[in-house]
Amino acid sequence: KRQVQYQSNKKKGYLGEYVYKIFASESDNGNWSSVVPLSMNSSDFSFSCAYPAVNEQGNVMVFASDMPGGQGGWDLYVSRKQGDLWGKPENLGSAINTPANELSPFIAPSGKLYFASEGHKGFGGLDIFSAMPAGNSWNKVENMGKPINSIRNDFGFAINPADETMMLISTNR
C-alpha cells in the first residue's frame, strides 16, 4: 500500500502562511516507511503542491498547485507514475483550470475527476465540478448542482468506491 500526503512549511500564500509539499510513504504489513518528498515540489519554497488525489490503480495523481506558468491562482496538474517515480506535472489546461482557484481533486474509480473551483460558473464561492476522462486528460466540466453545491464554499469530495451514488462533501455552510 502507498500513502500520498502533504505537509507544510511556513510562508505566506493563498492557503495561509504556509507552502505545502506532497510526500509519499509505503506500508509493509502495517509498518510505514519514512515519508519521501515527491519531485513536483518546489525546492526553494516558491510555490505549493497540495491536495493529492491518486487513481485506484495508483499510477495517476492529480494535485493542486500555484506553481508558475498556470492559468492563474491554484491550478490542477496531473503526474503519471513511471516506475517508482512520478513524472513531470502537466497542467490540465483551460478545460479544467481558470484564472481563479481549482482545488481538492478526487478521481473516482470510473476515472471521472471531481474538483472544487471558484472560476467555473457556480452558485458562489467554491463549487464542486466533475469532468469526464478524455484520453490522458479530462473535459466536459459540469457543475454538480444543488444540493451538493450551495452559495457557500463546497470544496471537498469523495465517493464510496462500493456505491458511487454515496458521496461525502466538505463545506462551510
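Throughout, residues of each chain are indexed from 1 in the direction in which the sequence is written. Selection of residues for local features in this predicted model requires a pLDDT of at least 70, selection of side-chain atom pairs for listing and counting requires 80 or more, and totals for whole chains, interfaces and linings are taken over all residues. For the side-chain quantities, the full set of heavy atoms in the structure was used; hydrogens and water were omitted.

For the rest of this paragraph, the subject is the overall build of the chain. For the chain, the helix and strand inventory stands at zero helices and 15 strands. Along the first, second and third principal axes, the C-alpha set of the chain runs to 40 × 40 × 30 Å. Across the 173 residues in the chain, those meeting the buried criterion constitute 39%. In this description, contact between two residues means that some pair of their heavy atoms is separated by no more than 4.5 Å. Residue pairs at least 24 apart in sequence account for 37% of intrachain contacts in the chain once pairs closer than 6 positions are excluded. Using the Shrake-Rupley algorithm and a 1.4 Å probe, accessible areas are obtained, with residue cover drawn only from the displayed protein chains. For the chain, the exposed area adds up to about 9200 Å²; of that, 50% sits on carbon and sulfur atoms. Positive: Lys, Arg. Negative: Asp, Glu. His and the chain ends are not part of the count. To locate a charge, take NZ of a lysine, CZ of an arginine, CG of an aspartate or CD of a glutamate. Taken together, the 15 basic and 16 acidic charged side chains of the chain have centroids lying 3 Å from each other. Helix and strand labels come from DSSP, where a helix needs a run of H or I of at least four residues and a strand needs a run of E of at least two; each type is numbered from the N terminus. Burial status follows relative accessibility: with a 1.4 Å probe on protein chains alone, a residue under 20% of its type maximum counts as buried, one over 50% as exposed, and anything between as partly exposed.

Here is the rule: rings of Phe, Tyr and Trp (six-membered ring for Trp) pair when centre to centre is within 6.5 Å. Planes less than 30 degrees apart are stacked, more than 60 are edge-to-face, and the remainder are tilted. All chains considered together, the criterion is met by five aromatic pairs. Plain terms: the ring middles of phenylalanine 63 and tyrosine 77 are 5.9 Å apart, the flat faces sit at 20° to each other, and that makes the pair stacked. Highlighted residues: phenylalanine 63 in strand 6 (residues 60-65) and tyrosine 77 in strand 7 (residues 75-82), separated in sequence by 14 residues. Take phenylalanine 63 and tyrosine 77: they sit in the same class, and that class is buried. Members of the aromatic cluster, joined through ring pairs, are Phe106, Tyr114 and Phe157. Charge over a ring is defined by NZ of Lys or CZ of Arg lying within 6 Å of the ring centre and within 35 degrees of the ring normal. Between lysine 21 and the ring centre of phenylalanine 45, over which it is positioned, the NZ or CZ distance is 3.9 Å.

The subject of this paragraph is the environment of leucine 168. By the element assignment, leucine 168 lies in strand 15 (residues 163-171). Excluding residues that lie within four positions of it along the chain, leucine 168 makes contacts with Gly156, Phe157 and Ala158.

Before going further, it helps to spend a moment on the pattern of salt bridges. What makes a salt bridge here is a side-chain nitrogen of Lys or Arg within 4 Å of a carboxyl oxygen of Asp or Glu, nothing more. This model, assessed by the stated rule, comprises one salt bridge. For aspartate 154, the salt bridge goes to arginine 173, with nearest N and O atoms at 3.1 Å. Here aspartate 154 is found in strand 14 (residues 154-160), whereas its partner arginine 173 is found in the segment after strand 15, with 19 residues between them in sequence.

Our next topic: the sheet that holds strand 12 (residues 127-134). Read from one edge of the open sheet, four strands run 10-11-12-13, paired in antiparallel fashion. The outermost strands of the open sheet, each flanked by one partner alone, are strand 10 (102-107) and strand 13 (137-143). Averaged over all neighbouring strand pairs, the angle between strand axes comes to 30°, with direction disregarded. Between any two strands, pairing holds if DSSP finds at least two bridges. In this sheet, strand 12 lies alongside strand 11 (residues 113-117) in antiparallel orientation, the contact comprising five bridges. Within the sheet, the bridge partner assigned to alanine 116 lies in strand 12 and is isoleucine 128. For helices, the axis comes from a line fit to the C-alpha atoms of the stretch in contact; other axes are also lines fit to C-alpha atoms, and the angle between any two N-to-C directions lies between 0 and 180 degrees.

With respect to the helices and strands, the residue phenylalanine 123 is situated in the loop between strand 11 and strand 12. It is 35 Å that separates the C-alpha atoms of phenylalanine 123 and tryptophan 86, two residues lying 37 residues apart in sequence. In contact with phenylalanine 123, other than residues within four places in its own chain, are Asn143, Gly145, Lys146, Asn149, Ser150 and Ile151.

That bond from lysine 146 to proline 147 is cis: its omega, 10°, falls within 30 degrees of zero. Its place among the elements puts proline 147 in the loop between strand 13 and strand 14. Even without glycine at this site, serine 104 takes up a positive phi of about 50°. With respect to the helices, strands and loops of the structure, serine 104 is situated in strand 10. Residue classification places serine 104 among the buried positions, given a relative accessible area of 9%. Backbone geometry at lysine 140 places phi at a positive 55°, although glycine is not the residue there.

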